[in-house]
Amino acid sequence: MGDIINLLPSNIANQIAAGEVIQRPASAVKELLENAVDAGATEARLIINDAGKSLIQVIDNGKGMSEADARMCFERHATSKIKAIDDLFHIRTMGFRGEALASIAAVSQVELKTKRAADPAGTYIEIDNSIIKKQEIIACADGTSIAMKNLFFNIPARRNFLKSNAAEMRHIVDEFIRVALSFPGVFFSLTSNGQQLYHLEKGSLKQRIVQVLGNQFGSKLVTVQEKTDYMNTYGFVGKPEIAKKTRGDQYLFVNNRFIRSAYLNHAIMSAYQELIPADSYPLYVLFIELDPEQVDVNVHPTKQEIKFEDEKIVYAFVQAAIKHALAQFSVTPTLDFDLDPNIQHLDAISKPLSEEKKASVASSSLYQAFTQKNQAHLIESKNSNLKDWKSFFEPGEEFKPLTQTTSFEFEKPVVEGICLKEDCPIIQVFNSYIIAVTNRGFVLVHQQLAHERILYERLITASAGKAVPYQTSLFPVTLQLSTQDAILLAELLGDLLQLGYLVEPFGKDSFVIQGTPADLEQGNEKAVIENLVEQFKHFSSDLKFSKREKLVRSLATQQAIKTGTQLTDKEMLALVKDLFSCSQPGITASGSPTYVEFKKDYIEQLFKRTV
Ligand code: ADP
Ligand code: MG
């Protein structure tokens, strides 16, 4: 037998390694923007065509590269950021592994222009499949421009794996925003297919947050600022009143790197306990700075996870910093530096916390420990509520209501055979449940969940066939969204029309609701569309459901009659009849039971005498 082991040709090895760093256009965007920042740029322009599939370009005014460096930078493990292994533990730049440009060169066609301020001319390099095709001396501006074209042109399998332009664009915008939030001192712009989506002037962090997340938040941000020997926590959190029903604007950065941490998220959420309803999510843009030695650098830089040397301390600090900020805001409502005086007196802004809440915030031992400056490392872990943080929030848990499939063990209702009694006696209990007498006992129906099922089936049918008719709004409502949300809504307009909502673009990031489903009362359509965008954003990473399915589920839950609504006999009867003509009447799309049947035998069983 011959030997069978080959060494992979270097370009194939590069392509494989590259796939880990550059998984989709957004990963390249992140790497290129971070390189610009690392190079000291004060301006970085991102240009995208076809959601990055045909072009991703970043133009910066940073320090540029020498001719030799311009060639070198595309080599694997080429980096100017570390020289010795020890550097790894002190690294403060965003990149350091020297993999990004090598990976980019392995999976696209790259054009680099770069010039240092001190050099008379710059360097132009063209690379195809990791091979330098062309190199010239050119006249160009100081700084660096890297254009990567036709991503994955040489790896069709990966190219086919990319999602729709809308989905890839959303990932790009997410990365762009994360970098833009962490460097408010740098000008950023994003242009997509010739249209400028973001133009973010340099400014303070607060100004950047408002530019990115929306003007309406300007007066709703509370400053967080706590410095100790161990770490520095700063940024802004939203006032409790703007907490949303879905996890939306929550950004956490450690040493300026965006990270996800269910653990620290819990610390933040717990600081809001009792200030917001249990099922809502506060806004936060929070930065933690600590000695890089306290953070595990071996976690892969493209991953957004992080390991702390002592995560309990970090947890305690973060929680205390936010409690402190929220308590201060409640005591001194005018803390907000540039509040418009005209709105300052409004209840929603100046309303202090109740005395009771204030007292509970102030009496928390963590808070007390923290107010003794630089003493927080003495906090003992028994104070930090760590033991139950997991039950409070597990990653992915928030998806439960929608992703739970029909694993629910509900005795399949034998629908055949259930028929309502002639002149069916029907009553409502607690304005929430309906009791209807049937031919073999009675059913106890949950009005909201039952209606959800009915709407779900109707909307699914409509989404596949004849559109839900709409009625034109007499007073069309305007929606002003963040750019991020506007991109998302634009993508849903066709499907929404099919489901009875005529929504039209109306200038930058604005829409007008021109029509709503004919059989629905008008009035809350604005909230419906806003919630829909929120929920959609929230579930957008969920691959299990199609876009239509997500829309239908969201609309069905939102349009359903709520518990607590009094119904007439006629309405109750219609609801119960509609439920039992559903193809799956017993369960909502997300798996909750819609009714319970009490059959005669069962009822008799309940009262059986023991002999
Ligand atoms: P890393 O950022 O991990 O060092 P990269 O592959 O991203 O690795 O970049 C390799 C090197 O190329 C960097 O260390 C830096 O010296 C140089 N470089 C990359 N992008 C730029 C840029 N926009 N301006 C100046 N130098 C750059
Ligand atoms: Mg880099």
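Above this text sits the structure in question.
In this text the structure is predicted, and so the values were computed from the model without any measurement. (Residues numbered from 1 in each chain as written. Chains lettered and ligands numbered in written order. Predicted model: local features only at pLDDT ≥ 70, side-chain atom pairs only at ≥ 80, totals over all residues. Heavy atoms only, no water.)

## Concerning the pattern of salt bridges
Phase 1 of the analysis: The final tally for this structure, using the stated rule, is 20 salt bridges.
Phase 2 of the analysis: Salt-bridge contacts for Glu491 lead to Arg170; the nearest nitrogen and oxygen are separated by 2.9 Å. Placement of Glu491 in helix α17 (residues 483–498) and of Arg170 in helix α6 (residues 165–182) is noted, with a sequence separation of 321 residues between them. Per residue, the accessibility class of Glu491 equals that of Arg170, and both read buried. (Salt bridge = Lys/Arg side-chain N within 4 Å of Asp/Glu carboxyl O. Helix = DSSP H or I, 4+ residues; strand = E, 2+ residues; numbered from the N terminus. Buried < 20%, exposed > 50% of the residue type's maximum accessible area, 1.4 Å probe, protein only.)

## Focus: the nonpolar core
Phase 1 of the analysis: Counting residues in each nonpolar core, the largest one holds 68 residues, and the members touching the most others are Leu33, Leu46, Phe176, Phe188 and Leu190.
Phase 2 of the analysis: Top element by residues in this core is α6. It accounts for eight residues. (Core = buried A, V, L, I, M, F, W, Y, C linked by side-chain atoms within 4.5 Å.)

## A word on the site of ligand 1
Phase 1 of the analysis: As a matter of local geometry, ligand 1 sits amid 18 residues, with Asn35, Thr79, Ser80, Lys81 and Gly98 nearest to it.
Phase 2 of the analysis: Between an oxygen atom of ligand 1 and a side-chain N or O atom of Thr79, the distance comes to 2.5 Å.
Phase 3 of the analysis: Ser80 has a polar side-chain atom sitting 2.5 Å from an oxygen atom of ligand 1.
Phase 4 of the analysis: Contact with the protein chains hides 92% of the accessible area of ligand 1, taken as 520 Å² for the molecule alone. (Near = heavy atom within 4 Å. Polar contact = N/O pair within 3.5 Å; in protein donor to acceptor, adjacent residues only side chain to side chain. Areas by Shrake-Rupley, 256 points an atom, 1.4 Å probe, with all protein chains shown as cover.)

## Section: empty space enclosed by the protein
Phase 1 of the analysis: Scanning the entire structure with this criterion turns up four cavities of 30 Å³ or more.
Phase 2 of the analysis: Volume-wise, the largest cavity comes out at about 90 Å³.
Phase 3 of the analysis: In this structure, the largest cavity is lined by 13 residues; those nearest its centre are Lys30, Glu34, Arg178, Val179 and Phe258.
Phase 4 of the analysis: Listing elements by their share of the lining of the largest cavity, those giving two or more residues are α2 (25–38), α6 and β12 (257–259).
Phase 5 of the analysis: Considering each element in turn, the lining of the largest cavity owes the most residues, four residues, to α6. (1 Å grid on protein atoms, 1.4 Å probe; cavity = no way out; pocket = protein on both sides within 12 Å on 5 of 7 lines; lining within 4 Å. Points joined across faces, edges and corners; volume = space filled by probe spheres on them.)

## Focus: α17
Phase 1 of the analysis: Between the first and last C-alpha of α17 there are 24 Å, a value that for 16 residues agrees with the 22 Å anticipated at 1.5 Å per step.
Phase 2 of the analysis: Taking the largest bend as the criterion, α17 deviates by roughly 50 degrees, centred on Leu492.
Phase 3 of the analysis: Among the 16 residues that make up α17, 13 are buried, leaving the element largely enclosed by the rest of the structure.
Phase 4 of the analysis: Taken from the residues just after α17, Gly500 is the one with a positive phi, measuring 100 degrees. (Expected span 1.5 Å × (residues − 1). Bend = angle between axes of the 7 residues up to and from the residue.)

## Here we look at a negative patch on the surface
Phase 1 of the analysis: Side chains of Asp86, Asp291, Glu293 and Glu309 sit close together on the surface and give a patch of like negative charge.
Phase 2 of the analysis: Mapping Asp86 onto the fold places it in the loop between α3 (67–72) and α4 (100–107). (Patch = residues over 30% accessible without salt bridge, like charges linked within 9 Å, V, L, I, M, F, W, Y side chains within 5 Å. Lys, Arg positive; Asp, Glu negative; His and termini not counted. Charge placed at Lys NZ, Arg CZ, Asp CG, Glu CD.)

## Overview of unusual backbone geometry
Phase 1 of the analysis: For Asn150, which is not glycine, the phi torsion reads 50 degrees and is therefore positive.
Phase 2 of the analysis: Within the secondary structure, Asn150 sits in the loop between β6 (143–149) and α5 (156–161).
Phase 3 of the analysis: Look at Asn150 and you get partly exposed, because its relative accessible area is 30%.
Phase 4 of the analysis: Unlike most non-glycine residues, Phe152 shows phi in positive territory, near 60 degrees.
Phase 5 of the analysis: Assignment of secondary structure puts Phe152 in the loop between β6 and α5.
Phase 6 of the analysis: On the accessibility criterion, Phe152 (0% relative accessible area) is buried.

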